[in-house]
Amino acid sequence: MKPLSTPAPFLGIDVGRADLFCHVISITATESGRFDNTPDGIRSLVSWLSEIADPASVLACLEQTGHYGKPVASALHTLGVRSLHLVNPRQIKAFGNQKLRRNKSDTADARLIAQFLRSEHEELRPWTPLPADHDKVKELSRYAESLTRDTARLKTKLEAVTLVDVRRSINRRIKAQQKELETIRGKISKIVSNNTQLSAQNSLLHSIPGLGETTCQILLAELPEIELFGDARQLAAWAGVTPRHFVSGTSGKSSTPITKVGSSNLRKALYLPAMTAMTYNPLLREFARRLKENGKTGKQVVVAVMRKLLHQIYGILKSGQPFDPDKRGLRTPLPSPGTS
């Protein structure tokens, strides 16, 4: 984001299931308010904000904590605030730790978010609502994944049950959920096929070896706009599959877990395709082989392949060209020593 040419009001919103706690920091004063997280409450928030400052000058920020913040974010975007940011809660927590934060309350949280925005706004990406079809695909895909997890849980439970009546009941639930899952997946496919942009992206994703229909649906749902990222490394960092380094003391021992920021749904969607890609994707098969020869553990290899797979996804979506294993050599650079 470009530096501000004039002082701007900074709005921080702490979002809860029932409440919206707001704090505005401006050049002249600070204001706090609490509103119901309902359509009427959000309208009151908008009126309150409009009385404090010109909405077109306001920078707003809230934590990206799920669907509770979606209505107020959409309302602020419609209002026309200067910029709106949905940030990872870890960023806010880290900022609070840096400031040696001592108090914890909803009002204090809203004030902290406003202070974070004032300090970090130049580094944040503005948020905009997803197109209607993309939003539908995202919601349906996440519901489908919840059905998949619940079905797996029921199958595990079935293994531990011996009473016939209970087994029959569990089997009926499994069959019903499998049928519902098939219906949901069909609805997603229909939306994708009827949308020119989503259909084109879906075809590009299918060109990468190791990506099946379900994975492509999840990727379409969870990937942000590719144009928001200058290169594939930025996308990998956003998805949380880049390593973070820990070296402590004089022993020289270090660890490199992944950052796990960004979308956990996206990381889960990449895991099994990465396993498949090590067999069927020629570039990643060679990459994984050299990692193993270099002494990397199985988990490190899979995570590295997930990251490289995301690089390939970025490349085909950014260029609009399908996957071509002959377009570049098989010699993909190895990570530096100690990375996963």
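All values derive from a computational prediction rather than experimental measurement.

(A) The overall build of the protein chain, seen in detail. Secondary structure assignment for the protein chain yields 12 helices and seven strands. Across the protein chain, contacts joining residues at least 24 apart in sequence account for 65% of those joining residues at least 6 apart. Split by element, the accessible area of the protein chain, about 18700 Å² in all, is 52% carbon and sulfur.

(B) Geometry of the environment of isoleucine 313. Looking at the secondary structure, you find isoleucine 313 in helix H12 (residues 298-319). With relative accessibility at 0%, the residue isoleucine 313 sits in the buried group. Through-space distance from the C-alpha of isoleucine 313 to that of phenylalanine 323 is 8.6 Å; in sequence the pair is 10 residues apart.

(C) Here's a closer look at helix H7 (residues 196-206). Regarding H7, the residues found buried are Leu198, Asn202, Leu204 and Leu205. Buried residues along H7 cover an arc of 160° about the axis, so they all sit on one side. Against helix H5 (132-159), helix H6 (164-193), helix H8 (213-222) and H12 lie the buried residues of H7. For H7, the N-terminal capping position is held by asparagine 195, with its side-chain oxygen 3.1 Å away from the main-chain nitrogen of glutamine 197.

(D) Region of interest: the environment of aspartate 14. Tracing the backbone shows aspartate 14 in strand E1 (residues 10-15). For the pair formed by aspartate 14 and leucine 62, sequence separation is 48 residues and the distance between their alpha carbons is 6.3 Å. Excluding residues that lie within four positions of it along the chain, aspartate 14 makes contacts with Asp19, Leu20, Phe21, Asp106, Asp109, Ala110 and Ile113.

(E) A look at the pairing of strand E3 (residues 30-36). Where strand E2 (residues 19-25) and E3 come together, seven bridges link them in antiparallel fashion. Looking at E3, one finds that isoleucine 25 is bridged to threonine 30. Connecting the antiparallel pair E2 and E3 is a turn made up of four residues.

(F) Just helix H4 (residues 106-120), in detail. Compared with an ideal rise of 1.5 Å per residue, which puts 15 residues at 21 Å, H4 spans 21 Å between its outermost C-alpha atoms and is within 8% of the ideal. Among the residues of H4, those classed as buried are Ala108, Asp109, Ala110, Leu112, Ile113, Ala114, Phe116 and Leu117. Those residues of H4 hidden inside the fold are in contact with E1, E2, strand E4 (59-63), strand E5 (83-87) and helix H3 (89-98).

(G) Examining the environment of alanine 60 more closely. With respect to the helices and strands, the residue alanine 60 is situated in strand E4. With 66 residues separating them along the chain, alanine 60 and proline 126 place their C-alpha atoms 9.6 Å apart. Apart from residues no more than four positions distant in its own chain, alanine 60 is found in contact with Leu11, Leu76, Ser83, Leu84, His85 and Leu117.

(H) Main features of the pattern of salt bridges. Under the criterion given, the structure shown has 11 salt bridges. Glutamate 222 is the salt-bridge partner of arginine 142, the closest N and O atoms lying 2.8 Å from each other. Pair noted here: arginine 142 is in helix H5 and glutamate 222 is in helix H8, with a separation of 80 residues, a long-range link. Classification of arginine 142 as partly exposed rests on a relative accessible area of 37%. We classify glutamate 222 as buried; its relative accessible area is 5%. Residues joined by salt bridges that share partners form a network here, namely Glu286, Arg289, Arg290 and Glu293.

About the cut-offs
Residues numbered from 1 in each chain as written. Predicted model: local features only at pLDDT ≥ 70, side-chain atom pairs only at ≥ 80, totals over all residues. Heavy atoms only, no water. Helix = DSSP H or I, 4+ residues; strand = E, 2+ residues; numbered from the N terminus. Contact = heavy atoms within 4.5 Å. Areas by Shrake-Rupley, 256 points an atom, 1.4 Å probe, with all protein chains shown as cover. Buried < 20%, exposed > 50% of the residue type's maximum accessible area, 1.4 Å probe, protein only. Arc of directions from axis to C-beta. Polar contact = N/O pair within 3.5 Å; in protein donor to acceptor, adjacent residues only side chain to side chain. Pairing = 2+ DSSP bridges. Expected span 1.5 Å × (residues − 1). Salt bridge = Lys/Arg side-chain N within 4 Å of Asp/Glu carboxyl O.

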